[in-house]
Amino acid sequence: AQSVAQPEDQVNVAEGNPLTVKCTYSVSGNPYLFWYVQYPNRGLQFLLKYITGDNLVKGSYGFEAEFNKSQTSFHLKKPSALVSDSALYFCAVRDMASNTGKLIFGQGTTLQVKP
Amino acid sequence: GAGVSQSPSNKVTEKGKDVELRCDPISGHTALYWYRQSLGQGLEFLIYFQGNSAPDKSGLPSDRFSAERTGGSVSTLTIQRTQQEDSAVYLCASSLATSKGREQFFGPGTRLTVL
């Protein structure tokens, strides 16, 4: 079965420090991977995606993610965290067993950036 | 341009009542998805529309749930005889197409509370 795992319910970092939010996946074939962010009482906002090509993808708000096929991981990173980055982050993979484009989401990781 | 909109933003209903949730996708987006976000289950796919047809209804949890889309645009998710376990945030998303890993754009959601 296809799945996405975000092993950390919460990540705490100090402002200005680098941050990493972890994601691993299990799919058949080559994955299409996505990161979304959700602020309180808001919908999900797209951050970045990996479809093919360079393993390091850059996205919105200074975020980037590295696709690692051997480790089946797609960790989200940012060199210097801001307090305003505090939010709920979701990793997702496209369901490759169908042609609908529907997404399978991880459980989400709450990022808390402290001043 | 306008993003995905949903109405109402909040809905409180009594157990056993029917509710309708509305989604207005981004103009020109042919693919439309409904997801449900709940504390216990995370983010779950409900149904996918391509144009006005719904080739994938596999995520609808029971026959109390139905959805339609008209004019290739607005979609309505209907829950009949609501139960307390239906309480969740219902998110709608749209995308240009399902090919090439196109990202989905999410609305702000409808928070449904069943008393």
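Residues numbered from 1 in each chain as written. Chains lettered and ligands numbered in written order. Predicted model: local features only at pLDDT ≥ 70, side-chain atom pairs only at ≥ 80, totals over all residues. Heavy atoms only, no water.

Trainee: Honestly, the nonpolar core in this entry has me stumped. Any pointers?
Mentor: It is characteristic of soluble globular proteins that their nonpolar side chains tend to be buried jointly. Counting 27 residues, the largest nonpolar core has Trp35, Leu47, Leu48, Phe74, Leu76 and Tyr89 of chain A as the members making the most contacts within it. Listing elements by their share of this core, those giving two or more residues are strand E2 (10-14), strand E3 (19-21), strand E5 (33-38), strand E6 (44-50), strand E8 (64-68), strand E9 (73-78), strand E10 (87-94) and strand E12 (109-114) of chain A. Residue contributions to this core peak at four residues, all from E10 of chain A. When residues no more than four places from it in sequence are discounted, the contact partners of Leu47 of chain A are Trp35, Tyr36, Val37, Gly59, Ser60, Tyr61, Phe63, Leu76 and Tyr89 of chain A. With 19 residues, the next largest nonpolar core counts Val4, Trp34, Cys92 and Val114 of chain B among its residues. (Core = buried A, V, L, I, M, F, W, Y, C linked by side-chain atoms within 4.5 Å. Buried < 20%, exposed > 50% of the residue type's maximum accessible area, 1.4 Å probe, protein only. Helix = DSSP H or I, 4+ residues; strand = E, 2+ residues; numbered from the N terminus. Contact = heavy atoms within 4.5 Å.)

Trainee: Explanation requested: the state of the cysteines in the structure shown.
Mentor: For the structure on display, the rule yields two disulfides over all chains. Here Cys23 of chain A engages in a disulfide with Cys91 of chain A; their sulfurs sit 2.0 Å apart. What sets the handedness of the Cys23 of chain A and Cys91 of chain A disulfide is the S-S torsion sign, and at about -60 degrees it is left-handed. Here Cys23 of chain A is found in the loop between E3 and strand E4 (24-26), whereas its partner Cys91 of chain A is found in strand E10, with 68 residues between them in sequence. Across the disulfide, Cys23 of chain B is cross-linked to Cys92 of chain B (sulfur-sulfur distance 1.8 Å). (Disulfide = S-S within 2.5 Å.)

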